[in-house]
Amino acid sequence: GSQESAIVAASLGALRLEQGRVQTAFLQATSAAAVFLDLSLPVSARWCESLSAYALALAGVAPKATRALSALDALDLPTDRRYEGEVLQARAWACAAGGDMGTARKTLESAVVVGRETGDLLGATRALHGMARMGRARQVVDDMEVLAPQVDGALTATRLAYVRAAADKDSRALAIAADRFEDLGALLYAAESLGESAVHLRRDGASRDAAATQQAAARLLARCEGAVTPFVRAIGARAQLTPAELDTALQATTGSSDKQIAEMMHLSVRTVENRLHRAYQ
C-alpha cells in the first residue's frame, strides 16, 4: 500500500543522497514525507523532510534548505532520537551551503554524539566523514578508526580510507578512495576525494597530474545533478589558501559583509579584510 511505497521512496531518497544524486533524492524524500504526513506517521515524515532539506543544501541552495528546516521546526513533529542525527546532519550541510563552516562543523560534532549515544554508528561515521569533507580529517581520524570497523559494509570502509588519506594529505591514497567510492556509486564522495587529491598534487608541484585529476573530479561531479559542496566549489583556491582564509572566503561568497563575517567568526574586521585580500588575489 501507500505506506510501503513511501518507505521505498524514503529509502531511495537516502540512497540517492549518498550517491550524490541530489535532485532525485529531493523528489523521493519530498513525496515520501507527504505520504507519511497523510498516514499520520510524523516521525517518518520528519526524517524525510530533513532528507529533502539535506538534498537542497547539497544542491547549494542554502536559502531553500534553511527555509525547509524552519518549516520542519514549525510543524513541531515528535522527535525520535534515532533520527535526530539525520536532522542534525541536514542542519550542518545547510549551514555549510550558507558559508557558515564553524556552525556546520559544530553541528556535525553533535550528530556524532547522538549517533554514539543511540547506537547509530552508521550515522556517527557519516557525520565524521562529513567533518573530514569540511576540512577536519586530522581531528576526526582517531574516532573514525574506532567506529568504522564496528559498521558493516564497503561504504563505511571506504569512508575510513578517505578520512585516513585526507588526514595524511596522501594524493595517491585519495585517488584510490575515489575509485572505491565510484565503484559503489557514491559519485559526490568520489569527486570530493579526487578534488582533494588534486589539491595535494598541486602543492607537491605536480601541476599536470593535478589538472588531470581535477578534470576527472569535474566529470564525476557533472553526474551529480548539480551537487556542489563548499569544498568542491573551492578546489581551485585550496592549494593557495590557508584553512582560515578559505573559511573566510566561503563566508564572503554568500554575500555577508566584512563586519558580519567578523562577528560570526569572532575576529576583528581588519583580520577579515586581510584574509579576503589574500583570497581575492
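Computed from a predicted model, the values in this text were never measured in an experiment.

**Q** I tried to follow the overall build of the protein chain on my own but got confused; where do I start?
**A** Helix and strand content of the protein chain: 16 helices and zero strands. Here the protein chain holds 281 residues, and the buried ones make up 49% of them. For the protein chain, the proportion of contacts with a sequence separation of at least 24, taken over those separated by at least 6, is 60%. Element-wise, carbon and sulfur atoms account for 52% of the exposed surface of the protein chain, whose accessible area totals about 12800 Å². Each charge sign in the protein chain was given a centre, from 31 positive and 32 negative side chains, and these centres are 5 Å apart.

**Q** Got a minute to help me understand the environment of Asp-258 in this structure?
**A** Secondary-structure assignment places Asp-258 in helix 15 (residues 258-265). Distance from Asp-258 to Glu-273, taken between C-alpha atoms, is 6.8 Å for residues 15 residues apart in sequence.

**Q** I keep staring at helix 16 (residues 269-280) and nothing clicks. Help me out?
**A** The periodicity of an α-helix, 3.6 residues per turn, causes residues three or four positions apart to be oriented the same way. Between its first and last C-alpha atoms helix 16 spans 16 Å; for twelve residues at 1.5 Å apiece the expected length is 16 Å, and the two agree. What helix 16 keeps buried is the set Val-272, Arg-275 and Leu-276. Taken around the axis of helix 16, the buried residues stretch over an arc of 95°, which confines them to a single face. Elements that come into contact with the buried residues of helix 16 comprise helix 14 (243-253) and helix 15.

**Q** Whenever I open this one, the nonpolar core confuses me. Can you help?
**A** Within soluble globular proteins, side chains that are nonpolar tend to cluster in buried spots. Counting residues in hydrophobic clusters, the biggest one holds 80 residues, and the most contacted among them are Trp-93, Met-134 and Tyr-162. At twelve residues, helix 7 (residues 121-147) tops the list of elements feeding residues into this core. Among residues more than four places away in sequence, those in contact with Tyr-162 are His-129, Ala-132, Arg-133, Leu-174, Ala-177, Phe-181, Ser-193 and Glu-196. Judged by nonpolar contacts, the second largest core, of five residues, contains Ile-261, Ala-262, Val-272 and Leu-276.

**Q** So what exactly am I meant to see when it comes to empty space enclosed by the protein here?
**A** To find leftover empty space, a probe the size of one water molecule is rolled over the atoms. A complete count under the given rule lists two cavities of 30 Å³ or more for this structure. Considered as a void within the structure, the second largest cavity measures approximately 40 Å³ in volume. If you trace the second largest cavity, you find it lined by Gly-85, Glu-86, Gln-89, Ala-111, Gly-115, Asp-120, Gly-123 and Ala-124. Residue assignment for the lining of the second largest cavity shows that the elements contributing at least two residues are helix 5 (81-97), helix 6 (101-118) and helix 7. Ranked by residues supplied to the lining of the second largest cavity, first place goes to helix 5 with three residues.

**Q** What am I meant to see in the packing of aromatic side chains here?
**A** The geometry of two aromatic rings is summed up by the distance between their centres and the angle between their planes. Per the stated rule, a full pass over the model turns up three aromatic pairs. Relative to Tyr-83, the ring of Trp-47 has its centre 5.4 Å away and its plane inclined at 10°; by these criteria the two rings are stacked. On the criterion of sequence distance, the pair formed by Trp-47 in helix 3 (residues 42-58) and Tyr-83 in helix 5 is long-range, its members being 36 residues apart. Owing to a relative accessible area of 15%, Trp-47 belongs among the buried residues under this scheme. Judged by centre distance (6.3 Å) and plane angle (55°), the rings of Tyr-162 and Phe-181 are tilted. Pair noted here: Tyr-162 is in helix 8 (residues 154-168) and Phe-181 is in helix 9 (residues 171-183), with a separation of 19 residues, a long-range link. Considered together, Tyr-162 and Phe-181 belong to a single accessibility category, that of buried residues. Among the aromatic side chains, those forming a connected cluster through ring pairs are Tyr-162, Phe-181 and Tyr-189.

**Q** Would you explain unusual backbone geometry in this entry?
**A** In terms of backbone geometry, most residues other than glycine have negative phi values and most peptide bonds are trans. Even without being a glycine, Lys-169 presents a positive backbone phi close to 55°. Turning to its location among the elements, Lys-169 is positioned in the loop between helix 8 and helix 9. Non-glycine residue Glu-225 carries a positive phi angle of around 55°. Counting through the fold element by element, Glu-225 comes out in the loop between helix 11 (207-221) and helix 12 (230-233). Taking relative accessible area as the criterion, Glu-225 reaches 21% and is therefore assigned partly exposed.

**Q** Help me out: how do you make sense of the environment of Gly-185 in this one?
**A** In this structure, Gly-185 sits in the loop between helix 9 and helix 10 (187-203). We classify Gly-185 as partly exposed; its relative accessible area is 22%. Put simply, Gly-185 and Ala-244 are 59 residues apart on the chain and 32 Å apart in space, counted from C-alpha to C-alpha.

So, how was this worked out
Sequence order sets the numbering: in each chain, residues are counted from 1 along the sequence as written. The predicted origin of the model limits local features to residues at a pLDDT of at least 70 and limits the giving and counting of side-chain atom pairs to 80 or more, whereas totals for whole chains, interfaces and linings rest on all residues. As a rule here, side-chain values cover all heavy atoms of the structure and leave hydrogens and water aside. The helix count covers DSSP runs of H or I at least four residues long, the strand count covers runs of E at least two residues long, and both are numbered beginning at the N terminus. For each residue, the accessible area found with a 1.4 Å probe, counting protein chains only, is set against the maximum for its type, and the residue is called buried under 20%, exposed over 50%, and partly exposed in between. Contacts are residue-level and defined by heavy atoms, with any inter-residue pair within 4.5 Å sufficient. Each accessible area is a Shrake-Rupley estimate made with a 1.4 Å probe; only the visible protein chains count as cover when residues are assessed. The sign given to each residue is positive for Lys and Arg and negative for Asp and Glu; His and the chain ends receive no count. By convention, the charge on Lys lies at NZ, on Arg at CZ, on Asp at CG and on Glu at CD. Helix span is expected to be 1.5 Å times the residue number reduced by one. In this description, the arc belongs to the directions extending from the helix axis to the C-beta atoms. As used here, the term nonpolar core means buried Ala, Val, Leu, Ile, Met, Phe, Trp, Tyr and Cys residues forming a set that is joined through side-chain atoms within 4.5 Å. A cavity here means a set of 1 Å grid points, computed over protein atoms only, where a 1.4 Å probe fits but cannot escape. A pocket is an open set with protein on both sides within 12 Å along at least 5 of 7 lines, and lining residues have an atom within 4 Å of a point. Grid points are joined across faces, edges and corners, and a volume is the space filled by probe spheres set on the points. Centres within 6.5 Å are what make two rings of Phe, Tyr or Trp a pair, Trp counting through its six-membered ring; a difference in plane orientation under 30 degrees is then read as stacked, over 60 as edge-to-face, and the rest as tilted.

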